[in-house]
Amino acid sequence: MNAVSRPETVVRGLEQPWAAVGDLRITGVRAIVTAPEGIPLVVVRVDTNEDGLYGLGCATFTQRWKAVVTYVEEHLARLVVGRYPGDIEDLTRLARFSSYWREGPVGNNAISGLDQALWDIAGKRAGMPVHELLGGKVRAAADTYLHASGADIDAALSHAEELVDAGWRHLRLQVSQPGRGSYGSARLPGPTDPEAPYPEGWRVAEYLRRTPELFAAARERLGEDVELLHDVHSRLTPKQAITLARSLEPYRLFFLEDVLPPEHWDALPGVRAAAPVPIAVGELTTSMTDATRLVLGGGVDLIRSHISAIGGLTPARKLAAAAELVGVRTAWHAPGDTSPIGAAANVALDVTSAAFGIQEGHVYAEPVHKVFPGTLRIQNGWLVPNEQPGWGIDIDESAAARYPADLSGHDAWAAGVRGPDGGLIAP
Ligand code: GCO
Ligand code: MG
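Predicted model only: the values in this text are computed from it and were never measured.

Rules behind the numbers
- Throughout, residues of each chain are indexed from 1 in the direction in which the sequence is written.
- Starting at A for chains and at 1 for ligands, labels are handed out in the order in which the entities are written.
- Residue-level local features of this predicted model are given only where pLDDT is at least 70; pairs of side-chain atoms are given and counted only at 80 or more, and the full residue set underlies all totals for whole chains, interfaces and linings.
- With hydrogens and water excluded, all non-hydrogen atoms of the structure serve as input to the side-chain values.
- Labels follow the DSSP assignment, with helices taken as runs of H or I lasting at least four residues and strands as runs of E lasting at least two, numbered in each case from the N terminus.
- The reference for a compact globule is 2.2 Å times residues^0.38; the radius of gyration itself is calculated from the C-alpha atoms.
- Think of it in three bands: residues with accessible area under 20% of the maximum for their type are buried, residues over 50% are exposed, and the middle band is partly exposed, with areas taken using a 1.4 Å probe on protein chains only.
- Whether two residues touch is decided by their heavy atoms; if any such pair falls within 4.5 Å, the residues are in contact.
- Here the accessible surface of atoms and residues is derived via Shrake-Rupley with a 1.4 Å probe, and residues count as covered only by protein chains that are part of the display.
- None of His or the chain ends enter the tally, which takes Lys and Arg as positive and Asp and Glu as negative.
- Charge positions are represented by NZ for Lys, CZ for Arg, CG for Asp and CD for Glu.
- When we say a residue is near a molecule or strand, we mean one of its heavy atoms is within 4 Å of it.
- Contacts described as polar in this section are N or O atom pairs within 3.5 Å, which, within protein, must combine one atom able to donate a hydrogen with one able to accept it, while residues neighboring in sequence count only if both atoms come from side chains.
- Under the convention adopted here, Pro, Cys and the residues Ala, Val, Leu, Ile, Met, Phe, Trp and Tyr are nonpolar, Asp, Glu, Lys and Arg are charged, and Gly plus all remaining residues are polar.
- We count a salt bridge whenever a side-chain nitrogen from Lys or Arg sits within 4 Å of a carboxyl oxygen from Asp or Glu.
- Whether two strands pair depends on DSSP finding at least two bridges between them.
- Inter-axis angles, ranging from 0 to 180 degrees, are taken between N-to-C directions of lines fitted to C-alpha atoms, where helices are fitted over the stretch in contact.
- Should an angle fall under 35 degrees it is called roughly parallel, over 145 degrees roughly antiparallel, and 65 to 115 degrees roughly perpendicular, with every other angle called oblique.
- Crossing handedness is read from the near helix: turned anticlockwise from the far helix by less than a right angle, it gives a left-handed crossing, and turned clockwise, a right-handed one.

Participant: Teacher, can you tell me more about the overall build of the chain here?
Facilitator: When helices and strands are tallied, the chain shows 14 helices and 12 strands. Here the C-alpha radius of gyration of the chain, 22 Å, is about what a compact globule of 427 residues would show, namely 22 Å. Once the C-alpha set of the chain is aligned to its principal axes, its extents read approximately 75 × 45 × 40 Å. The buried share of the chain, reckoned over its 427 residues, is 55%. Within the chain, residue pairs in contact and separated by at least 24 positions form 69% of the contacts whose partners lie at least 6 positions apart. Just so you have it, the chain exposes about 17100 Å², and 53% of that area is on carbon and sulfur atoms. Across the chain, 39 positive and 52 negative side-chain charges occur, with their mean positions spaced 4 Å apart.

Participant: Got a minute to help me understand the site of ligand 1 in this structure?
Facilitator: Of all residues adjacent to ligand 1, which total 14 residues, the nearest are Tyr 183, His 233, Glu 283, Asp 337 and Glu 360. Here His 233 contributes a side-chain N or O atom positioned 2.8 Å from an oxygen atom of ligand 1. The side chain of His 333 places a nitrogen or oxygen atom 3.0 Å from an oxygen atom of ligand 1. Alone, ligand 1 offers 340 Å² of accessible surface; in the complex the protein occludes 89% of this. Of the residues belonging to the shell around ligand 1, the class tally is two nonpolar, five polar and seven charged.

Participant: Would you take a moment to explain the pattern of salt bridges for this structure?
Facilitator: Where side chains of opposite charge bring their charged atoms close, a pairing between them can arise. In the structure shown here, the tally under the stated rule is 25 salt bridges. For the salt bridge of Glu 89 with Lys 318, the shortest nitrogen-to-oxygen distance reads 2.5 Å. Placement of the pair is Glu 89 in helix 2 (residues 88–98) and Lys 318 in helix 10 (residues 313–326), with a sequence separation of 229 residues. Note on Glu 89: relative accessible area 34%, which makes it partly exposed. Glu 206 is the salt-bridge partner of Arg 209, the closest N and O atoms lying 2.8 Å from each other.

Participant: In this structure, what is going on with the pairing of strand 2 (residues 41–48)? I would like to understand it.
Facilitator: When a strand is regular, its side chains alternate between the sheet's two faces. Taking burial as the measure, the eight residues of strand 2 include eight buried ones, the bulk of the element. Here strand 2 shows two buried faces, one formed by Leu 41, Val 43, Arg 45 and Asp 47 and the other by Val 42, Val 44, Val 46 and Thr 48. Here eight bridges tie strand 1 (residues 26–34) to strand 2, and the two strands are oriented antiparallel to one another. Looking at strand 2, one finds that Ala 31 is bridged to Val 44. A loop of six residues connects strand 1 with strand 2, the two strands running antiparallel in sequence, and Gly 38 in this loop sits at a positive phi of about 85 degrees. Taken together, the five bridges between strand 2 and strand 3 (residues 54–58) define a ladder with antiparallel strand orientation. Counterpart to Val 46 in the pairing with strand 3 is Gly 55. Linking two consecutive strands that pair antiparallel, namely strand 2 and strand 3, is a turn of five residues; a positive phi of about 80 degrees is found at Gly 52 within it.

Participant: Hey, could you run me through the packing of helix 9 (residues 288–296) against helix 10 in this one?
Facilitator: In contact at an axis separation of 9 Å, helix 9 and helix 10 are set at 15 degrees when each is read in the N-to-C sense. If you check the angle between helix 9 and helix 10, you find them roughly parallel. Crossing angle aside, the handedness with which helix 9 passes helix 10 is right-handed. In contact with Met 288, Ala 291, Thr 292, Val 295 and Leu 296 of helix 9, helix 10 contributes Pro 315, Lys 318, Leu 319, Ala 322, Ala 323 and Val 326. Partitioned by chemical class, the residues of the contact of helix 9 with helix 10 number nine nonpolar, one polar and one charged.

These figures capture arrangement, not role.
Printed below as a string of structure tokens:
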């Protein structure tokens, strides 16, 4: 057994624990924040002592991106600098255990950035795309869904028709309602109830009435073939969720998302058993424990994790394997607040997992492609992974610097959903 090289830069007690393969070492870990679409994206870059060999990983937690940067640069980097970058599992476990109180979205996003960067480095060293490191394809491409919405039902369906014409086979439909709290569609000006203590309050009764109307009109106008999805966005009680699901039965939804907030996920098995539509939950999972309980607990038909919020590719591939074993399907979260690196990690899972259900898609604006050369482009509704080594995506840091991030506007919206009585509603 050759002597273990113990470079000085590693935190005492965290030296390379076994003989590393050769002299390759991590020399730096730093976060890069950029907002080419106005949405703060966080990417971690891991540098090594091999000239030109570095990796990129997604650590995007839009609402608390400053905390993630601090976690990466002040806490995480020192734990892994000096280590051999091939020990991905050990390095991410060490990163998780080192905070003692582990899990949570800030730490998991930071660790995801490290994790996905190490997978990128592994692919570059092997000369293989990440999906081949994961065992290779079980499908050529990932089918995607996009968001269609409108201030009223007609506008939402006109948007949907445009996306069908552009090649999408799966559409998430959302429609506004008066007041401040509409999710996934434009805010309608004006009060819902001028006499109410909070005149712009979001009214659940109006939502429960308007949503089946939207889908009845959708089937009328779009026909039976298109797959229709809807995001409740954590707004209902278990009974309201069952009422909504039953009202939507005639319209054959592909999935009904986030029917309950995380605080009430224990009620999901009962809701799912009573709901005549597939239930998709999970973007709000902030630990592997949460996500695994959803997959194994009988509460979901599709798991929706934002994979950087559960720690990155390494945990998410285990979650996909668990889903495969129990007949749950994957539908990874990936709207605009997922970086192109994170989107590529989703697709690597999509094309290598038999549990694939659907992939949330986002059509990145051109500035994103300038900042992240190699960003995947959805073609006719399909996402095909790069065949380049690693992710096949780089970052142009000077371009990234042209889009400084401010504090995300989404947190103002997420803290601003109130009912007519003024009470805060889960966003
Ligand atoms: C979705 C999500 C998003 C979230 C957003 C939070 O299904 O895509 O619900 O729309 O609201 O990612 O930052
Ligand atoms: Mg959602």
